[in-house]
Amino acid sequence: MTKISRRLFLKKAVAGLAVAAVAPSLASCEELGGDSHKIRKIAPLAGKYDVVVVGGGPAGFIAAIAAARQGAKTAIIERYGFFGGMATIGYVAPISVFALKNELVIGGIPWEFVKRLESMGGAFIEWPKANIDFDIELYKLCCQRMILEAGIDIYTHSAMVGCEMEGKSISSVIIENKNGLETLESKVFIDCTGDGDLAHMAEVPMQPNPEGELQPSSFCFILSGVDTKSDLLNKCMYHNGINGPSQCKPVREKLLAMKAAGVDLPDFGGPWFNNVMHEGSVAVNITRRAADSTNNRNFSAVECQLREDIFTFTRVLKENFKEFKNCYVSATAPQAGIRESRRILGVHTVTADEYVNAFRYEDSISRGIHPIDIHASKGTHQTRIDLTKPAYVPYRALITAEYPNLLVAGRCISTDRQALASLRVMASCMGTGQAAGAAAAQCVANNQTVQNIDTAQLVATLKEWGAVL
Ligand SMILES: Cc1cc2nc3c(=O)[nH]c(=O)nc-3n(C[C@H](O)[C@H](O)[C@H](O)COP(=O)(O)OP(=O)(O)OC[C@H]3O[C@@H](n4cnc5c(N)ncnc54)[C@H](O)[C@@H]3O)c2cc1C
């Protein structure tokens, strides 16, 4: 007898409506008392896999490619119609950070992706740190090409809404899309949802948050009609300190002065004006409000306020800076960006102390070099600790002690708040995604649990691919 996770996103109330003919609800699956045979009638089996990756962001699409290239029959589930996660659904840029003084810190498939995107005219590598500016639409195209070339089955426009459990083992995930509910069975699952949705549904214990604070959400947008050739923008649009700090100081100072003078402005961060590789346009990261992305009502309400803030700041920029006098909002991101939410309580939790001291674990599978970068949830502050040496991530931060076929990668791995504040950046998420994908395929090939694999073999595979460890 399997148990269907009771931590569901679909409301019970849906079961009472006459929706069954259109799309059966997960609530009705639950009422079947975990009888898999009956559940399949409501949520038919769409595929049986070796590895299912949930979430197609930087961690997820790299994890899926890594697993598939090792011969695992792989599927990827993504609730939007394209891949890239925060890069393409949040307009978050650049991809930070691949190198220290021109030396790669993260290699392998993530770097292959960057080089492929560059060859398509969609990436500009900012040496010596190798922050990656990118064209958002080419990013999506490059992701989908690499995913399809690896032979991965894609389930886009599909939200993962539940899972079936046999003890602590996940036997399937349930997705919802225009077909209704569908089931995907798999030997191993990788949670790359950013928010740890699958781990949460499987009732994996999460990191405590005694401070009760989360880094704020920021709604990024594209501003066009900007004088990107001007001195001001040229100094602000790049991130390696070549042209000064990436935060746009003159604009920040003006906004702070306006706030101090009593002008009613929302809180803001930066601001950062990021290169999207098209003259006249920048991706703007300026808005900031406390939000909990795992609480639908809270997140929806805050996102509406942030949308208002986008237009407030656009007006202020137009009125106060000649470089922005003709600017207009040409696009808002599909959703507000999320910096922090759930993280699993893994076999090992990476601490800030280990992280800044570049502690090297026996099972190190990825690295990071972005500063520990904490945005205040209220106000305009940000604290930042620069790293002098690349920090390491152990395999044990991607797994729990008890769940034999679950790995996580990206933002929801097992770290404390401070270490997350560095590891959350996209190159680092790609690095843990690569390791999770390789580990999942290894589990399948050797018929082992995620706790029992030979990490020396995993590290050897990663090095063969060019991972820098
Ligand atoms: C405002 C802001 C600025 C940032 N600036 C930078 C920066 O300059 N450089 C940098 O490198 N990083 C930056 N980051 C951090 C970085 O973007 C994220 O931490 C990173 O993208 C996390 O990667 P991920 O793959 O773990 O998750 P995400 O990128 O969040 O991807 C998760 C994917 O899973 C999908 N998904 C989620 N739940 C489900 C579900 N239930 N079913 C199906 N699909 C699901 C989502 O749609 C998404 O595609 C910033 C973040 C924010 C919010």
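Worth saying up front: this structure is predicted, and the values here are computed from it rather than measured. Counting restarts for each chain, with residues numbered from 1 along the sequence as it is written. With the structure being a predicted model, the display of local features is reserved for residues of pLDDT at least 70 and the display and counting of side-chain atom pairs for 80 or more, all residues being used for whole-chain, interface and lining totals. Only heavy atoms go into the side-chain values, all of them from the structure, while hydrogens and water stay out.

### Quick look at the layout of surface pockets
Put simply, the grid is 1 Å and covers the protein atoms alone, a cavity is a trapped set of points that fit a 1.4 Å probe, a pocket is an open set with protein on both sides within 12 Å along at least five of seven lines, and lining residues have an atom within 4 Å of a point. Grid points are joined across faces, edges and corners, and a volume is the space filled by probe spheres set on the points. Estimated volume of the second largest pocket: approximately 160 Å³. Along the walls of the second largest pocket sit Tyr 91, Asp 135, Ile 136, Glu 137, Ile 222, Ser 224, Val 276, His 278, Ser 281, Ser 330 and Ala 331, which together make up its complete lining. By the criteria applied, helices consist of DSSP H or I runs no shorter than four residues and strands consist of E runs no shorter than two, each listed in order from the N terminus. Put simply, the parts of the chain that give the lining of the second largest pocket at least two residues each are helix 7 (136–149), strand 12 (221–224) and strand 15 (328–332). For the lining of the second largest pocket, a count of residues per class yields five nonpolar, four polar and two charged. Residue classes follow a fixed rule: Ala, Val, Leu, Ile, Met, Phe, Trp, Tyr, Cys and Pro count as nonpolar, while Asp, Glu, Lys and Arg count as charged, and any other residue, Gly among them, counts as polar.

### Looking at empty space enclosed by the protein
Under the criterion given, the structure shown has two cavities of 30 Å³ or more. In terms of lining, the largest cavity is formed by Val 105, Ile 106, Gly 107, Ile 365, Ser 366, Arg 367, Gly 431, Gln 434, Ala 467, Val 468 and Leu 469. Contributions of two or more residues to the lining of the largest cavity are made by strand 16 (364–368) and helix 14 (426–446). Residue composition of the lining of the largest cavity, by class: six nonpolar, four polar and one charged. In this structure, the second largest cavity occupies an estimated 40 Å³ of space. Contributing to the lining of the second largest cavity are Gln 215, Pro 216, Ser 217, Ala 291, Ser 293, Phe 299, Gly 337, Ile 338, Arg 339 and Glu 340.

### Looking at the site of the ligand
Here a residue is near a molecule or strand as soon as one of its heavy atoms is found within 4 Å of it. Lining the immediate environment of the ligand, one finds 34 residues, of which Glu 78, Pro 94, Ser 96, Arg 424 and Met 426 sit closest. Between the ligand and the protein, one listed contact pairs a nitrogen atom with a backbone N or O atom of Met 160 at 2.9 Å. Think of a polar contact as two N or O atoms within 3.5 Å of one another; within protein, one of them needs to be a possible hydrogen donor and the other a possible acceptor, and neighboring residues in sequence only count if both atoms come from side chains. A distance of 2.5 Å separates an oxygen atom of the ligand from a polar atom in the backbone of Arg 424. Exposure was quantified through the Shrake-Rupley algorithm and a 1.4 Å probe, taking into account, for residues, occlusion by the shown protein chains and nothing else. Here the ligand loses 95% of its free accessible area of 990 Å² to cover by the protein chains. Elements with a contribution of two residues or more to the shell around the ligand: helix 4 (58–69), helix 5 (86–89), strand 9 (159–166) and helix 14.

### Points about the domain arrangement of the protein chain
Domain borders in the structure are assigned automatically or taken from a domain database. Splitting the protein chain by domain gives domain 1 (50–85 + 136–209 + 341–374 + 386–464) and domain 2 (221–332). On a C-alpha basis, the centres of domain 1 and domain 2 stand 31 Å from each other.

### Thoughts on the side chain of Ser 377
Mapped onto the elements, Ser 377 comes out in the loop between strand 17 (372–375) and strand 18 (382–385). Within the structure, Ser 377 has its side chain in polar contact with the side chain of Glu 213 (distance 2.8 Å). What Ser 377 contacts, discounting residues up to four positions off in sequence, is Glu 213, Leu 214, Pro 216, Arg 289 and Ala 290. Contact definition: two residues touch when any of their heavy atoms are within 4.5 Å.

### Let's talk about the state of the cysteines
We call a pair of cysteine sulfur atoms a disulfide whenever their separation is within 2.5 Å. Applying the stated criterion to the full structure yields one disulfide. Note on cysteine connectivity: Cys 236 is disulfide-linked to Cys 248, with sulfurs 2.3 Å apart. With the S-S bond torsion at 60°, the cross-link from Cys 236 to Cys 248 turns out right-handed. With a gap of 12 residues between them, Cys 236 in helix 9 (residues 231–236) and Cys 248 in the loop between helix 9 and helix 10 (249–260) connect regions that are remote in the sequence. Throughout this description, buried means an accessible area under 20% of the type-specific maximum (1.4 Å probe, protein chains only), exposed means over 50%, and partly exposed covers the range between. Assessed through its relative accessible area of 3%, Cys 236 is described here as buried.

### Notes on the nonpolar core
By size, the foremost hydrophobic cluster in this structure holds 147 residues, and its most contacted members are Phe 113 and Leu 407. Sort the elements by how many residues they give to this core and helix 14 lands first, with 12 residues. The definition of a nonpolar core used throughout is a set of buried Ala, Val, Leu, Ile, Met, Phe, Trp, Tyr and Cys residues joined through side-chain atoms within 4.5 Å.

### Examining unusual backbone geometry
With the exception of glycine, most residues fall at negative phi, and the peptide bonds are largely trans. With an omega dihedral of 10°, the bond running from Trp 127 to Pro 128 counts as a cis peptide bond. Within the secondary structure, Pro 128 sits in the loop between strand 6 (123–126) and strand 7 (131–134). Along the chain, Gly 270 connects to Pro 271 via a cis peptide bond; the corresponding omega equals 5°. With respect to the helices and strands, Pro 271 occurs in strand 13 (residues 268–275). Here Tyr 91, not a glycine, exhibits a phi torsion of approximately 55°, which is positive. On the secondary structure map, Tyr 91 appears in the loop between helix 5 and strand 4 (99–100). In this structure Tyr 91 comes out as buried when scored by relative accessible area, which is 11%. Backbone geometry at Asn 447 places phi at a positive 55°, although glycine is not the residue there. Assignment of secondary structure puts Asn 447 in the loop between helix 14 and helix 15 (455–464).

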